[in-house]
Amino acid sequence: MKHTDKIKGLTATARALEDSFFAKENERILKEMRAASVREEKKKEFREYLDVDNEEVLEALVELAVEPETLVAFTLVPLVEVAWADGEIQPKERDAIIKAAVERGVAEDSATAHLLRNWLQTPPSPVLLETWMAYMEELLGSLEERNRDLVKTSIIGRARAIAEAAGGFLGVGSISAAEKKVLEELEWVFE
């Protein structure tokens, strides 16, 4: 084999190695771009379902690797718990919970809607609230204080609205003692 043939062979090998390196590097970059795109799509879904624009909160939700619709169901747990606090759900409470679900983008034929209908017919197991509390403690631990306060205001505000939905007699005593107790338990999660 001539010297020039050897050089051509080495050059071709070097070029092949270079092409291989860049192909792997391009593949890595492409993979990173796809992952970033998936992250952004998840954040967009959370924005739509939960009406949240805070990037830190959105990043924390993406890191939890839950589906937005599952999380929407989870956001309804405090409302359902408050509604069942006195042993039965009043029609106005039921309507307020359904309205909250619809406002969060829950489709009538979705798994979340089916789950919610079950919760509105039969009181959920106490394990559901315990699970919700544990989840919230984990989520809140990943947020700055300002964002924890925003989440608290939103959740407690919606739960209080459910408690007030049944009314009471002439607007007096619109929140029962049992509902107040559940609201206090919910607030405890944020302390």
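Calculation notes
Residues numbered from 1 in each chain as written. Predicted model: local features only at pLDDT ≥ 70, side-chain atom pairs only at ≥ 80, totals over all residues. Heavy atoms only, no water. Helix = DSSP H or I, 4+ residues; strand = E, 2+ residues; numbered from the N terminus. Expected span 1.5 Å × (residues − 1). Buried < 20%, exposed > 50% of the residue type's maximum accessible area, 1.4 Å probe, protein only. Arc of directions from axis to C-beta. Contact = heavy atoms within 4.5 Å. Phe/Tyr/Trp six-rings, centres within 6.5 Å; stacked < 30°, edge-to-face > 60°. Axes fitted to C-alpha atoms, helices over the stretch in contact; angles between N-to-C directions. Parallel < 35°, antiparallel > 145°, perpendicular 65-115°, else oblique. Nonpolar A, V, L, I, M, F, W, Y, C, P; charged D, E, K, R; others polar.

Draft legend 1. Expanded view of helix α4 (residues 91-103). The first and last C-alpha atoms of α4 sit 18 Å apart over 13 residues, in line with the 18 Å expected at 1.5 Å per residue. One or two residues past the end of α4 sits Gly105, with phi positive at roughly 85 degrees.

Draft legend 2. A look at helix α8 (residues 177-189). Taking 1.5 Å per residue, 13 residues should reach 18 Å; α8 reaches 19 Å between its end C-alpha atoms and fits that length. Those residues of α8 lying buried are Glu179, Val182, Leu183, Leu186 and Val189. End-on view of α8: buried residues confined to an arc of 100 degrees, all on one side of the axis. Away from its buried face by more than 90 degrees, α8 exposes Ala177, Lys181, Glu184 and Trp188. In this structure, the buried side of α8 is in contact with α3 (68-84), α4, α6 (126-141) and α7 (145-165).

Draft legend 3. Region of the structure containing the packing of aromatic side chains. The tally for this structure, following the rule as stated, stands at one aromatic pair. Relative to Tyr135, the ring of Phe74 lies with its centre 4.9 Å away and its plane at 85 degrees, an arrangement referred to as edge-to-face. Here Tyr135 lies in helix α6 and Phe74 lies in helix α3, a separation of 61 residues in the sequence. Here Phe74 and Tyr135 have matching classes, each one buried.

Draft legend 4. Quick look at the environment of Ile175. Considering the arrangement of structural elements, one finds Ile175 in the loop between α7 and α8. On the basis of relative accessible area, Ile175 is assigned to the buried category, the value being 14%. As a C-alpha pair, Ile175 and Ala165 span ten residues in sequence and 8.7 Å in three-dimensional space. Discounting chain neighbours no more than four positions away, the residues touching Ile175 are Arg160, Ala163, Glu164, Lys180 and Leu183.

Draft legend 5. Region of interest: the packing of α6 against α8. For the pair α6 and α8, the least separation of the axes is 9 Å and the interaxial angle reads 30 degrees. As far as their axial angle goes, α8 and α6 are roughly parallel. Contacts between α6 and α8 involve Leu129, Trp132, Met133, Met136, Glu137 and Leu140 from the first element and Glu185, Leu186, Trp188 and Val189 from the second. Of the residues in the contact of α6 with α8, the class split is eight nonpolar, no polar and two charged.

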